[in-house]
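So the chains spell out like this:
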Amino acid sequence: MIQRLSKSEVGFVSALAGEIWREHYTPIIGIEQVEYMLEKFQSSEQIYEDITQNNHIYFTFKDCSKNIVAYCAVFLQADHVFLSKLYIHSDFRNKGIARGFLNEAIRLGKSHGLDKICLTVNKDNGGAISAYKKMGFKIVSSCKKDIGGGFFMDDYVMELSKI
């Protein structure tokens, strides 16, 4: 079941982020950058700030035991919805959860008169790139962003048009 993240669940999402990121991203970007990015972008404090001050909307997916096993975050831009985060525990991938999150983003976009969704994805994250392409996203550009600490995000920008 997909629901909006409540403020009381922020710590659970941050803990889930740590588990997912360490497993999935360590081979891609290394443990030092993983730990840096977890603290900078996925800490409880940052998620809480995203919700309360940065106008991010977080959605969660809970398993049958009501444990959060996936989450995503979106925010509205002038001409599109930006899909900022979409992370699914490895035991729950390929079960339609990402599509469910995308449908929530589409509903949100349409309700605000927006007709596209954009995201960034690490160029070496082949599984995610493939999944996004299956959902209709296309690579439209690339970007390299200095995130501090001597680290960079080297990403593709992907877009889903005419939602």
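What counts and what doesn't
Residues numbered from 1 in each chain as written. Predicted model: local features only at pLDDT ≥ 70, side-chain atom pairs only at ≥ 80, totals over all residues. Heavy atoms only, no water. Helix = DSSP H or I, 4+ residues; strand = E, 2+ residues; numbered from the N terminus. Buried < 20%, exposed > 50% of the residue type's maximum accessible area, 1.4 Å probe, protein only. Axes fitted to C-alpha atoms, helices over the stretch in contact; angles between N-to-C directions. Parallel < 35°, antiparallel > 145°, perpendicular 65-115°, else oblique. Left-handed = near helix turned anticlockwise from the far one by under 90°. Contact = heavy atoms within 4.5 Å.

### Remarks on unusual backbone geometry
Apart from glycine, the bulk of residues carry a negative phi angle, and the bulk of peptide bonds sit in the trans form.
Right, so step 1: The phi dihedral of N55 is positive, around 60°, even though this residue is not glycine.
Right, so step 2: Looking at where N55 falls in the secondary structure, it is placed in the loop between helix 4 (44-53) and strand 2 (57-62).
Right, so step 3: On the accessibility criterion, N55 (62% relative accessible area) is exposed.
Right, so step 4: Here K162, not a glycine, exhibits a phi torsion of approximately 55°, which is positive.
Right, so step 5: Relative to the elements of secondary structure, K162 occurs in the segment after strand 7 (151-161).

### A closer look at the packing of helix 1 (residues 10-24) against helix 4
Right, so step 1: The contact between helix 1 and helix 4 brings their axes to 8 Å, and the two run at 125°. The angle between helix 1 and helix 4 falls in the class oblique. Note on packing geometry: the crossing formed by helix 1 with helix 4 is right-handed. In contact with V10, G11, V13 and S14 of helix 1, helix 4 contributes S44, I47, Y48 and I51.

### So, the environment of K40
Right, so step 1: Looking at the secondary structure, you find K40 in helix 3 (residues 31-41).
Right, so step 2: A relative accessible area of 36% means that K40 is categorised as partly exposed.
Right, so step 3: With 108 residues separating them along the chain, K40 and G148 place their C-alpha atoms 9.6 Å apart.
Right, so step 4: If sequence neighbours within four positions are ignored, K40 has contacts with Q46 and I147.

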